[in-house]
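Given next are the chains, with one letter for each unit.
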Number of protein chains: 6
Amino acid sequence: MSIKSINARNQFHGKIVEIVTGPVVSEVDIETPTGLITSIISTRSIAKLELKTGSEVIAFVKSTDIALAKL
Amino acid sequence: MSIKSINARNQFHGKIVEIVTGPVVSEVDIETPTGLITSIISTRSIAKLELKTGSEVIAFVKSTDIALAKL
Amino acid sequence: MSIKSINARNQFHGKIVEIVTGPVVSEVDIETPTGLITSIISTRSIAKLELKTGSEVIAFVKSTDIALAKL
Amino acid sequence: MSIKSINARNQFHGKIVEIVTGPVVSEVDIETPTGLITSIISTRSIAKLELKTGSEVIAFVKSTDIALAKL
Amino acid sequence: MSIKSINARNQFHGKIVEIVTGPVVSEVDIETPTGLITSIISTRSIAKLELKTGSEVIAFVKSTDIALAKL
Amino acid sequence: MSIKSINARNQFHGKIVEIVTGPVVSEVDIETPTGLITSIISTRSIAKLELKTGSEVIAFVKSTDIALAKL
């Protein structure tokens, strides 16, 4: 089953450069043209998706999860 | 009261290029050096922060809110 | 670009049965084998993904966004 | 104090089948008619709610936290 | 079916003082002993829970959804 | 770079009273006039912001992340 597209407006295409593994959640650092993006997902998802350093991924986030600060 | 820094790991500095106003929430599009970021926040926050096209902002999101898709 | 899989542990496969359109966000009701799932996404995403009643979708949510109540 | 109902539109009634305990957050797997639902909550909440394998719970998630992918 | 307790660590007990209704989501302002809390939920949930000014509610949020800023 | 204000409507000013450190995420308990607020953020953010017991912080959360339960 392949997925054509995801509704999340904010998508960052890049490569995994580091994974910090924890017992329940793990941190995944992705190098993208925008700079380093950090995602925290369940450790089981990392195994299920067979993610490792060098894997090509899209990091995405819903608009409702993005906050703004005024400078 | 000024805020030194925010814990969110993912921060995107840019300028507002469009605001789509709704009765309760509004969409804010921010032009960053590497592309458009879209945030949806409460319409009252837009008024309170006096956000408008051209305002300089930081868009930020917690790592736990970023999902990953494998290519 | 096709996406093999998404990290979100909780995925619900179904068909869109109703869309309530708002100026900024819209409600999408998805009929799955075991009941109705409701998602609220940006109205622009609905247009971009060309979602309409009858579209086949996967609704997904990160484990960190699921709360629990004890009976 | 008993709670009559929760606003979250998406509610999944089921039984806990596994808990993976971490120092700060823990993963809770719930068997529901919809299949396995996975929640990640703070480890302290698990203790406070006295959750264990076999506990009857409702897993719930806000519509704004549900993303969609088109097939 | 009554709910004994919810895992969310952060719970604020109070009364609704205002509802701003939108076509898809609505803003609900809750007066608590220590100030105003604002929630944005789906407009259908407001109808389903029969929420109105004066209703007694608990506003709650998961720890993973709370960000921190250093002063 | 100092931040004038953040869009999140719900802000809680207080002092850190405890940090429970994990390999990937850590729990931060903040004493505020509203009572104890618990945030879970990435452990790297704690180091980056140099947060420790006694640090003065603002805990904040977007309105879309706040759910409601009717009593």
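Structural data are supplied above this passage.
These remarks concern the structure in this document. Quick caveat, the model's predicted, so the values are computed rather than measured.

Analysis parameters
Residues numbered from 1 in each chain as written. Chains lettered and ligands numbered in written order. Predicted model: local features only at pLDDT ≥ 70, side-chain atom pairs only at ≥ 80, totals over all residues. Heavy atoms only, no water. Least-squares fit on C-alpha atoms with pLDDT ≥ 70 in both. Contact = heavy atoms within 4.5 Å. Salt bridge = Lys/Arg side-chain N within 4 Å of Asp/Glu carboxyl O. Buried area = accessible area lost by both parts, 1.4 Å probe. Polar contact = N/O pair within 3.5 Å; in protein donor to acceptor, adjacent residues only side chain to side chain. Helix = DSSP H or I, 4+ residues; strand = E, 2+ residues; numbered from the N terminus.

### Thoughts on the relation of the copies chain F and chain E
Laying chain F over chain E is done by rotating through 180 degrees and shifting 0.1 Å along the axis; what remains is an RMSD of 0.3 Å. Here the copies are linked by what is in effect a two-fold axis. Among all residues of chain F, the one whose C-alpha sits closest to the rotation axis is Thr34 of chain F, at a distance of 2.1 Å. The share of interface residues of chain F whose copies in chain E are also at the interface is 97%, consistent with both copies meeting through the same surface.

### Remarks on the pattern of salt bridges
Any two side chains of opposite charge can pair, given that their charged atoms come close. Scanning the model with the defined rule gives 18 salt bridges over all chains in all. One salt-bridge network, in which partners are shared between bridges, spans Glu18, Glu27 and Asp29 of chain A together with Arg44 of chain F.

### Considerations on the relation of the copies chain B and chain A
Superposing the two chain copies requires a rotation about an axis and a translation along that axis. When chain B is fitted to chain A, the residual RMSD is 0.3 Å, and the transformation amounts to a turn of 180 degrees plus an axial shift of 0.1 Å. Here 100% of the interface residues in chain B have copies in chain A that are interface residues too; the copies meet face to matching face.

### Quick look at the interface of chain B and chain A
Counting residues at the interface gives 34 residues for chain B and 35 residues for chain A. The contact between chain B and chain A buries some 3200 Å² in all, and 62% of this surface belongs to carbon and sulfur atoms. Linking chain B with chain A are zero salt bridges. Applying the counting rule to chain B against chain A returns 19 residue pairs in polar contact (both at pLDDT 80 or more). Mapped onto the side of chain B that touches chain A, the elements with two or more residues apiece are strand E2 (10–20), strand E3 (25–32), strand E4 (35–42), strand E5 (56–61) and strand E6 (67–70) of chain B.

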